[in-house]
Amino acid sequence: METFSQGFDRAPSGRVLFVTGATSGIGEATARMAVADGWSVVVTGRRADRVAALVESLGVAGLVFDVRDREATAAALATVPEAWVPDVLVNNAGLAVGLGPVDAGVYEDWDRMVDTNVKGLLNVSREWLPRMKAGARVINVGSVAGKQAYPGGAVYNASKFAVEGLTQAMRMDLLPRGIQVGQVSPGAVETEFSNVRFKGDDAAADAVYDGFEPLRAADVADAILYMASRPAHVCIHDVWIMPAAQASAYHLNRASK
Ligand code: NDP
Ligand code: 8X3
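Small disclaimer: the values here were computed from a predicted structure and weren't measured.

S.K.: When you look at the pairing of strand S5 (residues 88–91) in this model, what are you seeing that I'm missing?
M.R.: When a strand is regular, its side chains alternate between the sheet's two faces. Burial along S5 is two-sided: Val88 and Val90 facing one way and Leu89 and Asn91 facing the other are all buried. As paired strands, strand S2 (residues 16–19) and S5 are joined by three bridges and run parallel to one another. By the bridge assignment, Val19 is partnered in S5 with Val90. Two strands pair when backbone bridges link them, and S5 and strand S6 (residues 137–141) are joined in this way by four bridges, in the parallel orientation. Among the inter-strand pairings, Leu89 is bridged to a residue of S6, identified as Val138. Since S5 and S6 lie parallel, the crossover through helix H4 (residues 107–128) that links them has a hand, and here it is right-handed.

Put into structure tokens, the structure is as follows:
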């Protein structure tokens with residue numbers, strides 16, 4: 001995979017927000033909103049062309065690496081100078097692959113979800129946390145799928161329940177160092193998420209949002225920036241944010257649009 005590290009040759013002009021998985025969806029919206037709010041932003045992802053385009057158009061710094069690859073993650077983060085160590089780390093990179101019963105599960109799909117959503121979040125956190133300072137924040141992107149299981153979602157559910165558990169435990173571990181940890185837990189957000197889940201079957205992806213208005217990536221970015229910008233004595237543990245037409249992981253009003 002092509003890797004690069006760009007945009008760190010100048011000093012950051014504001015507080016630093018580092019967001020993984022910023023080449024689309026919630027991560028990209030978070031990067032755009034953070035730039036507009038005056039943060040100095042670092043975007044990451046595997047798609048080098050998209051990272052490069054964001055570096056060019058938004059004036060952010062960018063890194064290309066796969067969060068599943070421990071060595072590549074460590075090498076990429078080691079290129080970041082001290083001034084760019086995050087004040088806020090947003091662990092957003094993640095995905096669902098497939099939707100089906102556990103007794104017909106596809107091992108490769110399971111590995112992609114666990115390796116990205118759980119171990120990838122850990123890899124990035126483990127590399128950054130020793131360098132982060134008191135007053136810094138970690139915001140993990142969880143999901144309603146980490147609060148309520150649903151049929152066909154077993155391993156994605158397990159990975160997001162793990163994010164919920166990690167968020168709680170990380171908060172306790174980092175309390176003595178004054179580093180806050182919270183999570184945002186969205187319901188259905190229309191991004192590339194369903195195209196990835198259904199492996200490029202765009203009709204299946206579109207059908208997920210039939211008949212109701214889903215969240216937009218910017219709605220979740222707004223919650224993330226709210227969490228990131230609270231006064232130092234305030235820690236938001238969890239923002240559970242749903243479309244108005246979604247009452248739970250399995251209750252949708254599909255006659256609302
Ligand atoms: P998108 O598919 O639009 O974005 C996912 C991002 O994650 C992309 O930027 C992708 O970049 C990155 N990514 C995926 N795998 C890796 C990897 N191995 N290494 C580095 N980056 C990776 O989906 P969303 O924006 O919707 O998803 C963002 C987060 O939000 C995920 O954690 C998801 O589970 C969560 N979420 C999504 C919901 C939804 O309904 N959409 C609801 C609740 C939570 P690239 O391909 O360039 O590597
Ligand atoms: C994404 C939301 O309901 O598709 O985390 O699992 S859901």
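S.K.: What exactly am I supposed to notice about the packing of aromatic side chains here?
M.R.: Scanning the model with the defined rule gives four aromatic pairs in all. Relative to Trp128, the ring of Phe18 has its centre 5.4 Å away and its plane inclined at 80 degrees; by these criteria the two rings are edge-to-face. In this pair, Phe18 is assigned in strand S2 and Trp128 in helix H4, connecting sequence segments 110 residues apart. Residue Phe18 shares its accessibility class with Trp128, and that shared class is buried. Ring centres 5.4 Å apart and planes at 90 degrees place the aromatic pair Tyr107 and Trp110 in the edge-to-face group. Of this pair, Tyr107 and Trp110 both sit in helix H4, three residues apart, roughly one helical turn. A residue is classified by how much of its surface remains accessible, and Tyr107, at 62% relative accessible area, is exposed. Since its relative accessible area comes to 26%, Trp110 is described here as partly exposed. Above the face of the Trp240 ring, Lys147 is positioned so that its terminal group lies 5.1 Å from the ring centre. Cation over ring: Arg230 sits above Tyr226, and NZ or CZ is 3.9 Å from the ring centre.

S.K.: I tried to follow the site of ligand 2 on my own but got confused; where do I start?
M.R.: Taken together, Ser143, Val144, Ala145, Tyr150, Tyr156, Phe193 and Arg197 are the residues near ligand 2. In the model, an oxygen atom of ligand 2 is placed 2.5 Å from a nitrogen or oxygen of the Ser143 side chain. One of the side-chain N or O atoms of Tyr150 is found 2.5 Å from an oxygen atom in ligand 2. Looking at the shell around ligand 2, its residues break down into five nonpolar, one polar and one charged.

S.K.: Mind showing me how you'd approach the sheet that holds strand S7 (residues 180–186) here?
M.R.: What holds strands together in a sheet is hydrogen bonding between their backbones, with the strands either parallel or antiparallel. Across the sheet, which stays open at both edges, the eight strands sit in the order S1-S4-S3-S2-S5-S6-S7-S8 with mixed pairing between neighbours. Since the sheet does not close on itself, it has two edges, and those belong to strand S1 (5–6) and strand S8 (238–241), each with one partner. One ladder, built from four bridges, connects S7 with S8; its direction is parallel. Residue pairing for S8: Val184 is matched across the bridge by Val239. Strands in contact with helix H5 (residues 154–174) are S6, S7 and S8; relative to S7, the strand with the most contacts, it is inclined by about 160 degrees.

S.K.: I keep staring at the environment of Arg171 and nothing clicks. Help me out?
M.R.: Counting through the fold element by element, Arg171 comes out in helix H5. Each C-alpha atom of the pair Arg171 and Ala247 lies 28 Å from the other, and the pair is 76 residues apart in sequence. In this structure Arg171 touches Val181, Gly182 and His237, once residues within four positions along its chain are discounted.

S.K.: What am I meant to see in the site of ligand 1 here?
M.R.: Around ligand 1, the structure places 29 residues, and the nearest of them are Thr23, Ser24, Arg46, Tyr156 and Thr191. Measuring from an oxygen atom of ligand 1, one finds a side-chain N or O atom of Arg46 at 2.6 Å. Between ligand 1 and Glu192 there is a distance of 3.3 Å, counted from an oxygen atom to a backbone nitrogen or oxygen. Coverage of ligand 1 by the protein amounts to 96% of the 880 Å² it exposes when considered alone. Of all the secondary structure elements, the ones that give two or more residues to the shell around ligand 1 are helix H1 (25–36) and H5.

Here is what the cut-offs are and how they apply
- Residues numbered from 1 in each chain as written.
- Chains lettered and ligands numbered in written order.
- Predicted model: local features only at pLDDT ≥ 70, side-chain atom pairs only at ≥ 80, totals over all residues.
- Heavy atoms only, no water.
- Buried < 20%, exposed > 50% of the residue type's maximum accessible area, 1.4 Å probe, protein only.
- Helix = DSSP H or I, 4+ residues; strand = E, 2+ residues; numbered from the N terminus.
- Pairing = 2+ DSSP bridges.
- Right-handed = clockwise from strand over helix to strand, strands pointing away.
- Phe/Tyr/Trp six-rings, centres within 6.5 Å; stacked < 30°, edge-to-face > 60°.
- Lys NZ or Arg CZ within 6 Å of the ring centre and 35° of its normal.
- Near = heavy atom within 4 Å.
- Polar contact = N/O pair within 3.5 Å; in protein donor to acceptor, adjacent residues only side chain to side chain.
- Nonpolar A, V, L, I, M, F, W, Y, C, P; charged D, E, K, R; others polar.
- Contact = heavy atoms within 4.5 Å.
- Axes fitted to C-alpha atoms, helices over the stretch in contact; angles between N-to-C directions.
- Areas by Shrake-Rupley, 256 points an atom, 1.4 Å probe, with all protein chains shown as cover.

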